[in-house]
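# Structural overview for review
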Amino acid sequence: MVFSGCAKMGSSISAGNITEDGVLENSRGEIITEEHVRRDIENALEELEKIYSSNEENHHDSMNEKAILEERASVLKKVNTMVRNTGTLLPVFFDYDKHSIRDEARGTLKNNAEWLSGHSSLKILVAGHADNRGSNEYNLALGDKRAKNVLYYLRDFGVNASIRTVTFGEEKPNCFESTETCWSQNRRAEFAVVAAD
Amino acid sequence: MLIKTMSYSKSLFLTLAVIIILSIFNSSISYGKVYIDINSPTLIQTPIAVTEFKDMSLLEDRSLEVAKNLRDVMISDLNFSGLFDIIEKEAYIEDPQRAGFRAKEIDFADWRQIGSELLIKGTYIVNPSTKKCKKGLKVEVNLFDVIKEKLITGRWYCGNQKQLRKIIHKFSNRIMMELTGERGVFESRLSFAARTPDSKEIYYSDYDGYGKVKITNGSTNNSPQWSPDGRWLLYTSLRGRQHKLYVQNTFTGKEIKISNETVIGPRWSPLGNEIALTMSSLHGNSELYTMNISTRKLRRLTNNSRIDVSPAWSPDGKKIAFVSDRAGNTHIYVVKSDGSDIKRLTFKGKNESPAWSPKGDKIAFARSTNGNFDIWVMNPDGTQQRQVTSDLHDDEHPSWASNGRNIAFKSDRGGPSAIYIMKADGTNIVEVAKGSNPSWSP
């Protein structure tokens with residue numbers, strides 16, 4: 001099935017139904033395929049690039065500036081939600097107290113690298129996290145190393161996009177239980193789009 | 001320990017004779033009396049009684065609450081010191097109507113009979129409006145030697161009602177000095193980080209957790225550390241994706257940014273002129289540096305591809321203990337403050353967050369041998385490593401009081417992360433606030 005609609009400029013995240021068979025339909029009742037997903041993201045990224053480039057002229061108008069920043073933030077949020085929901089830039093996970101890239105993570109990073117190479121105008125943030133065992137200062141350093149190791153790995157793959165790293169240490173966990181299941185979810189590096197050229 | 005006496009004049013002669021003889025051989029004996037030898041390994045708690053503070057206010061100003069608060073803070077301070085066995089007021093047999101506040105108005109037999117050796121009595125006036133005191137509260141406190149039937153020290157204080165706790169803390173400091181010859185820490189402050197639903201903020205409070213004040217406003221703030229003069233707080237604050245280094249004057253609220261790049265675990269040198277910290281933006285890896293506060297110039301202390309973090313200055317500012325995972329697990333090392341002569345101190349378990357006692361004789365740290373962290377102490381050369389806490393939860397991030405006898409630490413033994421204070425031997429553990437990363441002011 002060919003998807004014929006476009007996401008509206010400045011519109012909120014599109015929603016749809018889930019059929020009895022677990023198939024996703026968009027608001028017009030059309031079944032959502034991979035192609036839909038791809039087009040949705042592309043549209044959102046185009047919107048992002050337009051916003052970043054077209055508003056340079058209005059930069060000095062301070063009243064407008066607030067509106068510009070809010071619009072950017074809202075589009076970024078939409079993009080990152082899509083990035084998350086569609087598995088476009090998946091996070092990678094780490095062993096306890098380690099910052100080296102695991103074998104299981106290589107496939108994910110290869111996919112991320114390929115996508116990034118095709119979207120080189122984007123500015124990306126890689127955030128390193130740690131589980132809450134050990135001192136939070138050590139965990140800030142650990143999160144920093146994890147993010148940097150992901151960055152180096154992507155560079156080795158030839159990714160030229162602008163990538164910055166940040167560490168959150170144990171400060172922004174995905175879950176709070178003291179179990180290995182939860183800890184392993186927190187030992188991660190995550191990707192986010194933060195701007196476009 | 002109190003010296004038991006026979007008759008007053010005989011004991012006086014003996015005391016003088018002993019002092020003269022001993023001072024010939026040992027010039028460090030102080031001229032003043034030391035009631036409690038705080039360094040004695042066989043220290044027994046001295047029995048003490050604290051009566052209700054008597055309300056001398058005009059009828060319309062009377063306040064039972066003030067009386068209760070004054071006594072509660074006094075008892076809490078005495079308990080913190082660990083030096084006293086406080087006799088419950090239900091055991092007191094003195095008739096409060098007839099007894100007074102000067103030594104000659106007190107029948108000390110009433111106090112000896114219940115086993116007390118020390119006695120605290122106080123009075124207060126709400127809205128005194130006298131020449132000497134025009135503020136909201138005047139308090140008089142006397143400390144008596146029950147055995148010798150005399151006043152050891154007595155003070156009056158004038159302040160606002162909000163300064164009630166501070167007034168008692170001042171007297172507690174005086175008690176410590178009079179009885180032990182050591183300065184008390186009752187007016188010291190704690191700083192710590194605590195989470196709100198959207199942020200992690202920096203607070204400071206009295207040493208007992210009261211009077212909490214928030215000094216940051218949003219984002220993720222971490223690692224508060226006091227300046228050597230106790231007026232400024234260092235901390236990192238996540239702004240624009242960097243954990244930037246800030247310093248704030250706790251009296252004026254003035255905040256100054258020191259670094260634009262991410263800093264982890266800053267620590268102020270006891271000499272006041274440098275900050276030890278970890279940064280990874282300079283050499284691509286988490287290394288330890290010292291930064292000169294005036295010039296902002298950095299001197300590199302470590303040079304390896306591993307994580308080096310959490311510095312702890314020795315009180316003379318010449319050495320820095322820190323954490324490194326260069327040997328696999330996290331261990332504690334010591335380096336000279338010029339970066340030379342790195343020595344390893346720990347060899348077992350995972351070891352983190354070292355803190356050097358202001359007396360210089362011990363380093364406290366957190367160790368995990370099979371899962372949870374506990375507080376340990378060791379000598380600065382790594383010998384005599386001893387476990388101090390033994391809860392099954394994580395006890396981490398110790399911070400010494402200036403007396404070198406008390407330690408604040410973070411623990412989740414009560415559920416959510418909280419700050420506890422204790423004696424350095426692990427006794428007398430008390431929760432004082434919710435939060436993490438405690439720093440005890442000088």
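Scroll up to find the structure.
Now for a description of the structure that goes with this document. (Residues numbered from 1 in each chain as written. Chains lettered and ligands numbered in written order. Predicted model: local features only at pLDDT ≥ 70, side-chain atom pairs only at ≥ 80, totals over all residues. Heavy atoms only, no water.)

## A few points about the overall build of chain B
Condition: Numbering goes from the N terminus for both helices and strands, where a helix is a DSSP run of H or I of at least four residues and a strand is a run of E of at least two. Using C-alpha atoms as the atom set, the radius of gyration is obtained and then compared with a globule rule of 2.2 Å times the number of residues to the power 0.38. By definition in these notes, contact holds between two residues if any of their heavy atoms fall within 4.5 Å. Every accessible area reported is derived by Shrake-Rupley at a probe size of 1.4 Å, with residue values counting cover from the shown protein chains alone. His residues and chain termini do not enter the charge count, which takes Lys and Arg as positive and Asp and Glu as negative. Where a charge lies is defined by one atom per residue type: Lys uses NZ, Arg uses CZ, Asp uses CG and Glu uses CD.
Each helix and strand in chain B was counted, giving 4 helices and 30 strands. The C-alpha atoms of chain B give 25 Å as radius of gyration, which agrees with the globular expectation for 442 residues (22 Å, within 12%). A fraction of 42% describes how many contacts in chain B between residues 6 or more apart in sequence connect residues 24 or more apart. For chain B, the accessible surface area stands at approximately 20,600 Å², while carbon and sulfur atoms represent 51% of it. Taken together, the 61 basic and 48 acidic charged side chains of chain B have centroids lying 6 Å from each other.

## Focus on the side chain of Ser436 of chain B
To keep it simple, the criterion reads: Polar contacts here mean pairs of N or O atoms no more than 3.5 Å apart (in protein, one a potential hydrogen donor and the other a potential acceptor; neighbouring residues in sequence count only if both atoms are side-chain atoms).
Relative to the elements of secondary structure, Ser436 of chain B occurs in strand E30 (residues 436–440). In terms of polar contacts, Ser436 of chain B uses its side chain to reach the side chain of Asn437 of chain B, at 2.9 Å. Once you skip the residues sitting within four places of it in the chain, Ser436 of chain B turns out to touch Asn136 of chain A together with Phe192, Ala193, Lys200, Lys410, Ser417 and Ile419 of chain B.

## So, the interface of chain A and chain B
It is common to give the size of an interface as the accessible area that goes away when the parts come together. To be explicit about the condition: The term buried area refers to how much accessible surface (probe radius 1.4 Å) is lost by two components on association, counted for both of them together. We define a salt bridge as a contact between a side-chain nitrogen of Lys or Arg and a carboxyl oxygen of Asp or Glu at a distance within 4 Å.
Tallying the contact residues gives 23 residues for chain A and 30 residues for chain B. Buried surface at the junction of chain A and chain B, both sides included, amounts to about 2,300 Å², of which 46% is carbon and sulfur. Ranking the residues of chain A by area buried against chain B places Glu137, Tyr138 and Glu171 of chain A at the top, with a combined share of 28%. The interface formed by chain A and chain B holds 4 salt bridges in total. Taking the shortest distance from any N to any O, the salt bridge between Glu171 of chain A and Arg195 of chain B comes out at 3.3 Å. Our count for the chain A to chain B interface comes out at 17 residue pairs in polar contact (both at pLDDT 80 or more). Elements supplying a minimum of two residues to the side of chain A that touches chain B: helix H4 (136–156) and strand E5 (162–169) of chain A. It is H4 of chain A that provides the largest number of residues to the side of chain A that touches chain B, a total of 10 residues.

## Description of helix H4 (residues 164–180) of chain B
Cut-off, in case you're wondering: In this analysis, the expected span of each helix is defined as 1.5 Å times one less than the number of residues it contains.
Here H4 of chain B spans 24 Å end to end across 17 residues, near enough to the 24 Å set by a 1.5 Å rise per residue. Check the buried side of H4 of chain B and you find it contacts helix H2 (64–81), strand E3 (84–86), strand E4 (118–126), strand E5 (137–145), strand E6 (150–159) and strand E8 (200–206) of chain B.

## Some remarks on the sheet that holds strand E7 (residues 189–195) of chain B
Residues and elements named next belong to chain B. Condition: What makes two strands pair is DSSP finding at least two bridges between them.
Strand order in the open sheet formed by 4 strands is E9-E8-E7-E30, and the pairing between neighbours is antiparallel. Edge positions in the sheet fall to strand E9 (213–214) and E30, since each has one partner strand and no second. Direction of pairing for E8 relative to E9: antiparallel, over a ladder of 2 bridges. Looking across to E9, one finds that Tyr204 is bridged to Val213.

## Focus: the pattern of salt bridges
Residues and elements named next belong to chain A. This is how the line gets drawn: Burial classification: accessible surface area is computed with a 1.4 Å probe over protein chains only, and a residue below 20% of its type maximum counts as buried, one above 50% as exposed, and the rest as partly exposed.
On inspection of all chains with the given rule, the structure shows 34 salt bridges over all chains. Across the pair Asp131 and Arg133 runs a salt bridge, and its minimum N-O distance is 3.0 Å. Of the two residues, Asp131 and Arg133, neither departs from the other in class, the shared state being buried. Between Asp131 and Arg187 there is a salt bridge, and its shortest N-O distance comes to 3.0 Å. Note that Asp131 is positioned in the loop between strand E4 (122–129) and H4 and Arg187 in the loop between helix H5 (180–186) and strand E6 (188–196), a separation of 56 residues in sequence. Owing to a relative accessible area of 4%, Arg187 belongs among the buried residues under this scheme. Each of Asp131, Arg133, Glu180 and Arg187 takes part in salt bridges that share partners, so that together they form one network.

## Thoughts on the state of the cysteines
All names here are of chain B. Operational definition: Count a disulfide wherever a pair of cysteine sulfur atoms falls within 2.5 Å.
A complete count under the given rule lists 2 disulfides over all chains for this structure. With its sulfur 2.0 Å from that of its partner, Cys133 forms a disulfide with Cys158. Negative torsions about the S-S bond denote left-handed disulfides, and the value of about 85° found for Cys133 with Cys158 makes this one right-handed. In this pair, Cys133 sits in the loop between E4 and E5 while Cys158 sits in strand E6, placing the two residues 25 residues apart along the sequence. Taking relative accessible area as the criterion, Cys133 reaches 0% and is therefore assigned buried.

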